[in-house]
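# Structural overview for review
Residues per chain are reported as follows:
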Amino acid sequence: MSYSIVKATMHERRSVRKYTEAPVPLDDIREIIDCARYAPSDTNSQTWEFVVVVNREKIARIEELTWEALHARAAEATERGLEKEARMLTRSFGPYATAFRDAPALVVCLATPYESKFRDRIFDPIGLVPDEVWREEGIKSSCLASQNLMLAAHARGLATCPMTGPVLLAEHALKDYLGIRDEAQVNMVIALGYPAETPAKLPRKPVEDILTIIE
């Protein structure tokens, strides 16, 4: 395995918000999901699932659901005297949260609560942590799989953009629309398609600012 190729894949991946009209082949979708499922997970619990929407009308409806929820939240903020914040939510965050609208495919990343023999036989009987922690553990593993997915997509000539706006604003409406069962939590959505732009490489914090070595 070449370290330089792996590093280049990580460095060159971008969050793309403009896509061509070309559909994503189903074989490519299956291939990147195959890569996603080889991410590490807590005791190999594999707390991830993926719903991939390739119907343009359904993707447009998901955008509508997100905007509907956003406008409702903006109206609530206005009623509380937060007119400036409400305008910023609509004008600034709205387009950012719905940047998947032009993508030919939308990956809805799901997380399920951590389950294992350790939880059944040890953790739950002794009350190791509250149940909510197991939901968080499931999300952590799902995030690892989502990163695998995005890197695999980039290596295959596809572009992605991870977003949590639809989750923060309209998770319940999204789940109802797609028929997602209650116990599955929407972790994020990822726009997927062929890029129609080449975003610049954004600056990163220096290694020295984020690294502490303890000897």
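The structure this text deals with has already been given above.
Summarised in this report is the structure supplied together with it.

## Focus: the pattern of salt bridges
Applying the stated rule across the entire model yields 14 salt bridges. Here Glu64 ties to Arg61 by a salt bridge, and the two come within 2.9 Å at their closest N and O atoms. With Glu64 and Arg61 both in helix α3 (residues 56-79), this residue pair falls 3 residues apart, about one helical turn. Given the relative accessible area of 41%, Glu64 is considered partly exposed. The partly exposed category is assigned to Arg61, whose relative accessible area is 27%.

## Some remarks on the sheet that holds strand β1 (residues 48-53)
Within the open sheet, the 4 strands sit side by side as β1-β2-β4-β3. Their pairing is antiparallel. On the outer flanks of this sheet lie β1 and β3 (159-163), each paired with one strand and no other. Strand-to-strand, the axes of this sheet are offset by a mean angle of 25 degrees, without reference to chain direction. As defined by bridge partners, strand β2 (residues 105-111) adjoins strand β4 (residues 185-193) across 7 bridges and the pair is classed as antiparallel. Paired with Leu110 across the two strands is Val186, which belongs to β4. Sitting on the sheet, helix α7 (residues 165-178) is in contact with β1, β2, β3 and β4, with an inclination near 95 degrees to β4.

What counts and how
Residues numbered from 1 in each chain as written. Predicted model: local features only at pLDDT ≥ 70, side-chain atom pairs only at ≥ 80, totals over all residues. Heavy atoms only, no water. Salt bridge = Lys/Arg side-chain N within 4 Å of Asp/Glu carboxyl O. Helix = DSSP H or I, 4+ residues; strand = E, 2+ residues; numbered from the N terminus. Buried < 20%, exposed > 50% of the residue type's maximum accessible area, 1.4 Å probe, protein only. Pairing = 2+ DSSP bridges. Axes fitted to C-alpha atoms, helices over the stretch in contact; angles between N-to-C directions. Contact = heavy atoms within 4.5 Å.

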